[in-house]
Amino acid sequence: MSDDGQKLFFFKTSNQNKLQWLDITKEKDLSKATDVVDLDFSKRNCWQPVYNEKDGNVYWIGDENNEEIINIYRSNLLSPKPEKLTDVPYIYAWDFNPDKTKIAYVARLAQNEKRLDELRILDLKTGSDELVCQDKPDLRYTWGDVSWQPEGKGLMLLALKDADRTYANIIYIDTETKQTTVLTDPSKPGSYAGTSVMDEWISGDECFFFSDQDGYKNLYRFDRRTMKASQVTHFTSDIEDARFVTIKNEKYLFVLQSNPIETSLMLMDIKTGKMLTSNRPTCLCR
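Residues numbered from 1 in each chain as written. Predicted model: local features only at pLDDT ≥ 70, side-chain atom pairs only at ≥ 80, totals over all residues. Heavy atoms only, no water.

1. Focus: the overall build of the chain
Along the chain, the regular secondary structure elements total zero helices and 24 strands. By the compact-globule yardstick of 19 Å for 286 residues, the chain fits well, its C-alpha radius of gyration being 20 Å. Projected onto its principal axes, the C-alpha positions of the chain cover 50 × 50 × 40 Å. When burial is assessed residue by residue, the chain has 47% of its 286 residues classed as buried. Counted over contacts in the chain with a minimum sequence separation of 6, partners at least 24 positions apart contribute 31%. With an accessible surface of roughly 15,000 Å², the chain has 48% of that area assigned to carbon and sulfur atoms. Charge-centre separation for the chain: the mean point of 38 positive side chains lies 2 Å from the mean point of 46 negative side chains. (Helix = DSSP H or I, 4+ residues; strand = E, 2+ residues; numbered from the N terminus. Rg over C-alpha atoms; globule rule 2.2 N^0.38 Å. Buried < 20%, exposed > 50% of the residue type's maximum accessible area, 1.4 Å probe, protein only. Contact = heavy atoms within 4.5 Å. Areas by Shrake-Rupley, 256 points an atom, 1.4 Å probe, with all protein chains shown as cover. Lys, Arg positive; Asp, Glu negative; His and termini not counted. Charge placed at Lys NZ, Arg CZ, Asp CG, Glu CD.)

See the structure below:
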């Protein structure tokens, strides 16, 4: 779905697997949808297709022959021809900057004992592809999301201590100085599922992220002014998701917890970390 809720994107599977789109403000019949790109995705991979309303293109990561040589592609809704934007062996993570004029992505250049990963920024207008930073053996970049500081001054992403998948960490990389700051504790285990960044920042100086280094997926706050992170919640069950909401011009965080027997919905004051409301409807499982 496009950000404005007007365009629906979906895969149509029959003899071929086609990525299609429909302007649902004008048409509700899915059979009248149009192909986004002239490709059959039963013969190649297409992951995370995203529409960019700024340039009218759909972007995705994928390959060309199901060989998992993953790169970034795009196609304009007015011209269903694909355009390959990167040329690397594999892409772990990628995301747009807030105004959707650039993409930050994590590329894997080599594996095993020769492993090397890079954080790069692709300018969608000029096509320039800038190296921000290369990883090092003690902190290897990995799968996950990329979070942009609102003015593009830094990027947050996941990294593995000594390439160990049971030691997932959150790092912040300054795009000007290229300095890397580890926001979690590399000495503590952390899982992929319990470690993630949030796309939206609280402000230009503060953001939230998730880590389960205390045993459960909890919320942490990063402050660029001090370059330090602090734990906000201390739950003894995992946070499933959290999203910003605005109520009467005030910004809050809507927090969701879920387990096999109940789901908890909470509204958090982002300044204090205090839960203002909590609703715990119980679902009995049989």
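Next comes the rest of the account.
2. Some points on the sheet that holds strand β17 (residues 196-197)
Ordered by their spatial adjacency, four strands build an open sheet running β17-β18-β19-β20, and the pairing between neighbours is antiparallel. Of all the strands in the sheet, just β17 and β20 (228-231) have a single pairing partner and so form its edges. Alignment of β17 against strand β18 (residues 206-211), held across two bridges, turns out to be antiparallel. By the bridge assignment for β18, V197 is matched with F209. (Pairing = 2+ DSSP bridges.)

3. Quick word on the nonpolar core
With 32 residues, the main nonpolar core has I72, Y105 and Y141 as its most contacted residues. Counting residues in hydrophobic clusters, the runner-up holds 15 residues, among them M198, I239, A242 and M266. (Core = buried A, V, L, I, M, F, W, Y, C linked by side-chain atoms within 4.5 Å.)

4. Quick look at the layout of surface pockets
As a volume, the largest pocket reaches approximately 490 Å³. Lining the largest pocket we find 20 residues, and of these D95, F96, N97, K100 and D199 sit closest to its centre. Looking at the lining of the largest pocket, the elements with two or more residues in it are β4 (46-52), β8 (90-96) and β13 (147-148). In terms of residue count, β8 provides more of the lining of the largest pocket than any other element does, three residues in total. Of the residues in the lining of the largest pocket, the class split is nine nonpolar, four polar and seven charged. Size it by volume and the second largest pocket reaches roughly 300 Å³. As for the second largest pocket, its lining consists of D145, S196, V197, M198, D199, E200, F210, D241, A242, R243 and F244. (1 Å grid on protein atoms, 1.4 Å probe; cavity = no way out; pocket = protein on both sides within 12 Å on 5 of 7 lines; lining within 4 Å. Points joined across faces, edges and corners; volume = space filled by probe spheres on them. Nonpolar A, V, L, I, M, F, W, Y, C, P; charged D, E, K, R; others polar.)

5. Comments concerning the environment of Y172
With respect to the helices and strands, Y172 occurs in strand β15 (residues 168-174). In sequence terms Y172 and F96 are 76 residues apart; their C-alpha atoms lie 16 Å from each other. A polar side-chain atom of Y172 sits 2.9 Å from a polar atom in the side chain of R224. (Polar contact = N/O pair within 3.5 Å; in protein donor to acceptor, adjacent residues only side chain to side chain.)

6. Some thoughts on the pairing of strand β10 (residues 116-123)
Burial runs high along β10: seven of the eight residues are buried. Note: strand β9 (residues 102-110) against β10, eight bridges, orientation antiparallel. Along β10, the bridge assignment pairs V106 with L119. Hairpin connection of β9 to β10: five residues between the antiparallel strands, including N112 at a positive phi of 55°. Summarising the sheet, β10 and strand β11 (residues 129-134) pair through five bridges and their orientation is antiparallel. For E118, the partnering residue across the bridge sits in β11 and is Q134. Counted between consecutive antiparallel strands, the loop separating β10 from β11 contains five residues, among which G127 sits at a positive phi close to 85°.

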